[in-house]
Amino acid sequence: MNFFNRALLRLVLLPKKLYSSNGINAVQLQSILTAKLTMDDRRPASFMQNRRRQKTKKEVSNATLSTMFISAVMGCVFLFCFALNAVAIAQLTFYFSYFIFMLASTLIADFTSVLIDVRDNYIILPKPVNDRTLLLARLLHIFIHLCKIIVPMLLPGLIYIGINYSIAGSFFLLLTGLLTVIFCIFLVNAVYIFILKITKPEKFKNIISYIQIVFAIVLYASFQLLPRLIGEVENFDFHFTNSNWLIILPPYWFAAAWNVLYTLHGTLLEFSAAACALLLPFLCLWLVIKFLAPSFNRKLSLISNTGEGTAQLTQTAFKIKETKKTGFADVIAKMITKPGAERMGFVFTWNMMARSRDFKMKVYPGIGYLLVYVFIIFFSSKKLSLEDVQQHTSAGNVIVITALYFSSLLLSMAIAQLAYSEKYKAAWIYFIAPVHVPGNVINGSVKAAIVKFFLPAIAVLGVAGITFSGALFLPNLLLAIVNQLVICYTLVYMGSKDLPFAKNQSIDVKAGNFMRSIFRMIIPFSIAILHYFIFNNLPLIILVLIVAGAALWLLMGSVNKFTWSVINTSYTED
């Protein structure tokens, strides 16, 4: 257990005599908290869970330190709000907006794996531990966990306010920050109860996974966008004058409360908002204790009994359906795949991409990162405009080529992750099924990734391109599509030839993997440059399109012919 956990543990155990006088076993309390904090050190931070299973076998041992470090980094990013050319109350409104969003997102993710983890009941409940000791252990664990997130996140702001205003200003920021935490706890409980009202417990963790993905993307976007906006803050002028609608914004409440407490004066709007900040968090806390917490605890056992990958045995699971509904994947599969192993590979991969939490946590954040990066490229450059696209200028051609070949990066990310799964031992199904040519399964899985990650992007780009450029855009669109499919099948053909979801995620990294990653980036970039030089040459585009189509046909045939002798898998018959 690290220094911070030991210090917080000693802090919460100071009133041992008070605990003992209320029927709480202090020795048991310390043992339970020590075990919980030790496990916290071995559990990756919520915002790093999409990277928690790196391709090494090194165990996590200092997760608390990484959590506090990332929280401190986020707190430093919040300081950007004080660079705005605005009054203090406006700066603090943006500060608390960011603070509420980041804290609520972190707590929503952590409530799943840390704060509502009741698996310790299997160990504690059979032991002679009374209810008061167990309840206090849970509450103190939640308090310690919140301190490890909130203190580092608030610390940069407290230092800034103390230097630029006064120690009293830092104290009032700490007070309003604590009120914000109470309000965030209310928000998190409300979100959880709402999710449990509209969905089944077995789908609960999937929704939390999407929240984690959005949180990771927003966090990355903030790190990329906020520093770039520092040069623009001199042109930013935002003042709160006669804006009565601000009373509906919780961040404004806490900003106004700080301003009123620090200056001891303000407008009627500011006093009203300050009253909301000082009173409503306690009302929210009462609502949590009186109404939300009991309802939440009733649902807690359902969540804990619904493990990821645990089959829910219900009566309907044993009923034979007389009619089978034809889904979207089945319709597409009949259109673009051959009957047999290829079609089954398509449907299986399509379903796994939609259901595998690990696949989504690995691929979707990366896609979000790429979208943020492209947004930065296009919107930070003042020389690029839609008029260039309409007039077919050199700059316009660069925009079109970049947008078209960007989608190949999305597809290559999905293809690279397609082979990995935490449940790789289930690959035995490939070996007992009558699959004579495993290349058919791989080809079907690649087509599923193409339909899911490539075609939607190309469809949007195609409609936009034809709208702005007219029918002349169509040949370049077709060439870009065929080229990117050639890139995709080249990566599959030259890759490690893995069956879908049949490889261990924690397998050791080999030197060839790095070269393949570089290769995945160089090929689209090189082909995009060549395409740029023939962008306005229609006869040459048609010629290259024919050659690329022939190459695609040959590559697809080669992948289809993969035999068992070239297939790699982590599955063994041990």
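Residues numbered from 1 in each chain as written. Predicted model: local features only at pLDDT ≥ 70, side-chain atom pairs only at ≥ 80, totals over all residues. Heavy atoms only, no water.

Trainee: Teacher, can you tell me more about the overall build of the protein chain here?
Mentor: The helix and strand tally for the protein chain stands at 21 helices and 4 strands. The burial tally for the protein chain puts 45% of its 574 residues in the buried class. Intrachain contacts of the protein chain at a sequence separation of at least 6 include 81% that bridge at least 24 residues. Per element, the accessible surface of the protein chain, about 30,300 Å² overall, is 68% carbon and sulfur. (Helix = DSSP H or I, 4+ residues; strand = E, 2+ residues; numbered from the N terminus. Buried < 20%, exposed > 50% of the residue type's maximum accessible area, 1.4 Å probe, protein only. Contact = heavy atoms within 4.5 Å. Areas by Shrake-Rupley, 256 points an atom, 1.4 Å probe, with all protein chains shown as cover.)

Trainee: Looking at this structure, I do not really get the pattern of salt bridges. What am I missing?
Mentor: Oppositely charged side chains can pair when the atoms bearing their charge come close. All chains considered together, the criterion is met by 2 salt bridges. Glu342 is the salt-bridge partner of Lys447, the closest N and O atoms lying 2.6 Å from each other. With Lys447 in helix 18 (residues 439-469) and Glu342 in helix 13 (residues 341-355), the pair connects residues that are 105 residues apart, well separated along the chain. The burial state of Lys447 is the same as that of Glu342; both residues are buried. Linking Asp498 and Lys503 is a salt bridge whose minimum nitrogen-to-oxygen distance equals 3.7 Å. By the burial criterion, Asp498 is buried, and Lys503 matches it. (Salt bridge = Lys/Arg side-chain N within 4 Å of Asp/Glu carboxyl O.)

Trainee: Help me understand a nonpolar patch on the surface in this model?
Mentor: Together, Trp428, Ile429, Phe431 and Ile432 make up a nonpolar patch on the protein surface, roughly 410 Å² of accessible area in all. Mapped onto the elements, Ile432 comes out in helix 17 (residues 428-432). (Patch = residues over 30% accessible without salt bridge, like charges linked within 9 Å, V, L, I, M, F, W, Y side chains within 5 Å.)

Trainee: I'm lost on the environment of Gly495 in this one. Help?
Mentor: Its place among the elements puts Gly495 in the loop between helix 19 (473-494) and strand 4 (503-504). Residues Gly495 and Ala416, 79 residues apart in the sequence, show an inter-C-alpha distance of 9.1 Å.

Trainee: Just to check I follow, could you spell out helix 21 (residues 538-560) for this structure?
Mentor: Within an α-helix, residues lying three or four positions from one another point in the same direction, as the helix has 3.6 residues per turn. Taking 1.5 Å per residue as the helical rise, helix 21 with its 23 residues ought to reach 33 Å, and the 33 Å between its terminal C-alpha atoms agrees with that figure. Among the residues making up helix 21, those that are buried are Ile541, Ala548, Leu552, Leu555, Val559 and Asn560. Packed against the buried residues of helix 21 are helix 13, helix 18 and helix 19. (Expected span 1.5 Å × (residues − 1).)

Trainee: When you look at the packing of helix 1 (residues 3-12) against helix 7 (residues 131-164) in this model, what are you seeing that I'm missing?
Mentor: Helix-helix packing is characterised by the crossing angle of the two axes and by the distance between the axes. Contact geometry of helix 1 with helix 7 gives a least axis separation of 11 Å together with a crossing angle of 135 degrees. With respect to helix 7, the element helix 1 is oriented oblique. Helix-helix and strand crossings are classified by hand; for helix 1 and helix 7 the assignment is right-handed. Touching Asn5, Leu8 and Val12 of helix 1 are Leu140, Phe143, Ile144, Cys147 and Lys148, all from helix 7. For the contact of helix 1 with helix 7, a count of residues per class yields 6 nonpolar, 1 polar and 1 charged. (Axes fitted to C-alpha atoms, helices over the stretch in contact; angles between N-to-C directions. Parallel < 35°, antiparallel > 145°, perpendicular 65-115°, else oblique. Left-handed = near helix turned anticlockwise from the far one by under 90°. Nonpolar A, V, L, I, M, F, W, Y, C, P; charged D, E, K, R; others polar.)

Trainee: I'm lost on the packing of helix 12 (residues 328-336) against helix 13 in this one. Help?
Mentor: Where helix 12 meets helix 13, the closest approach of the two axes is 10 Å, and the angle between their N-to-C directions is 150 degrees. With respect to their mutual orientation, helix 12 and helix 13 come out roughly antiparallel. Here helix 12 and helix 13 pass one another in a crossing that is right-handed. Residues Phe328, Ala329, Asp330, Ile332, Ala333, Lys334 and Ile336 of helix 12 lie in contact with helix 13, whose contacting residues are Glu342, Arg343, Phe346, Val347 and Trp350. Within the contact of helix 12 with helix 13, the residues separate by chemical class into 8 nonpolar, no polar and 4 charged.

Trainee: How should I be thinking about the side chain of Asn483 in this particular structure?
Mentor: With respect to the secondary-structure elements, Asn483 resides in helix 19. Setting aside its immediate chain neighbours within four residues, Asn483 contacts Tyr405, Ile527, His531 and Ala548.

Trainee: Looking at this structure, how should I read the environment of Ser222?
Mentor: Among the structural elements, Ser222 can be located in helix 9 (residues 204-229). Remark: the alpha-carbon pair of Ser222 and Tyr98, spanning 124 residues in sequence, is separated by 9.8 Å.

Trainee: Quick question: what am I supposed to make of the packing of aromatic side chains here?
Mentor: The geometry of an aromatic ring pair is captured by two quantities: the separation of the ring centres and the angle between the planes. With the rule as written, the count across this model stands at 25 aromatic pairs. On the basis of an interplanar angle of 85 degrees and a centroid distance of 5.7 Å, the ring pair of Phe78 and Tyr95 is categorised as edge-to-face. Here Phe78, found in helix 4 (residues 63-78), pairs with Tyr95, found in helix 5 (residues 88-115); they are 17 residues apart in sequence, far enough to count as distant. The class for Tyr95 is buried, based on a relative accessible area of 0%. The interplanar angle of 85 degrees and the centroid separation of 5.6 Å between the aromatic rings of Tyr95 and Phe96 together place this pair among those described as edge-to-face. The two residues Tyr95 and Phe96 agree in class, both being buried. Each residue in the set Phe78, Phe82, Tyr95, Phe96, Tyr98, Phe99, Tyr160, Phe183, Trp253 and Phe254 is aromatic and connected to the rest through ring pairs, giving one cluster. Here Lys452 stacks its cationic end above the ring of Trp350, 4.7 Å away from the centre of that ring. Taking NZ or CZ as reference, Lys497 lies 5.7 Å from the ring centre of Tyr493, over its face. (Phe/Tyr/Trp six-rings, centres within 6.5 Å; stacked < 30°, edge-to-face > 60°. Lys NZ or Arg CZ within 6 Å of the ring centre and 35° of its normal.)

Trainee: Help me out: how do you make sense of the confidence of the model for the protein chain in this one?
Mentor: Low-pLDDT portions of the prediction should not be read for the details of their coordinates. For the protein chain, the mean per-residue pLDDT works out to 78, and 78% of the residues sit at or above 70. The secondary-structure element of the protein chain with the lowest mean pLDDT is strand 2 (residues 237-238), recorded at 53, while helix 21 shows the highest, at 92. Across residues 50-57, confidence stays below pLDDT 50; counting only partners more than four residues off in sequence or on other chains, it has 25 contacts. Every residue in residues 507-512 is under pLDDT 50, and counting partners more than four places away or in other chains gives 6 contacts. (pLDDT = per-residue confidence, 0-100.)

Trainee: Quick question: what am I supposed to make of helix 1 here?
Mentor: For helix 1, the full list of buried residues reads Asn5, Leu8, Leu9 and Val12. Taken down its axis, helix 1 places every buried residue within 105 degrees of arc, on the same side. Opposite the packed face of helix 1, turned more than 90 degrees from it, sit the exposed residues Phe3 and Arg10. (Arc of directions from axis to C-beta.)

Trainee: Would you take a moment to explain the side chain of His531 for this structure?
Mentor: As for its position among the elements, His531 is in helix 20 (residues 511-533). Given a relative accessible area of 1%, His531 falls into the buried group. Those residues in contact with His531 that sit more than four places away from it in its chain are Ile401, Tyr405, Asn476, Leu479, Ala480 and Asn483.

Trainee: Explain unusual backbone geometry here, please?
Mentor: Backbone geometry follows two general trends: most residues other than glycine have a negative phi, and most peptide bonds adopt the trans configuration. Phi at Leu264 is positive, roughly 60 degrees, even though this residue is not glycine. A relative accessible area of 70% means that Leu264 is categorised as exposed. Residues other than glycine seldom take positive phi values, yet Phe501 does so here, at roughly 55 degrees. In this structure, Phe501 sits in the loop between helix 19 and strand 4. When its relative accessible area of 4% is taken as the criterion, Phe501 is described as buried.

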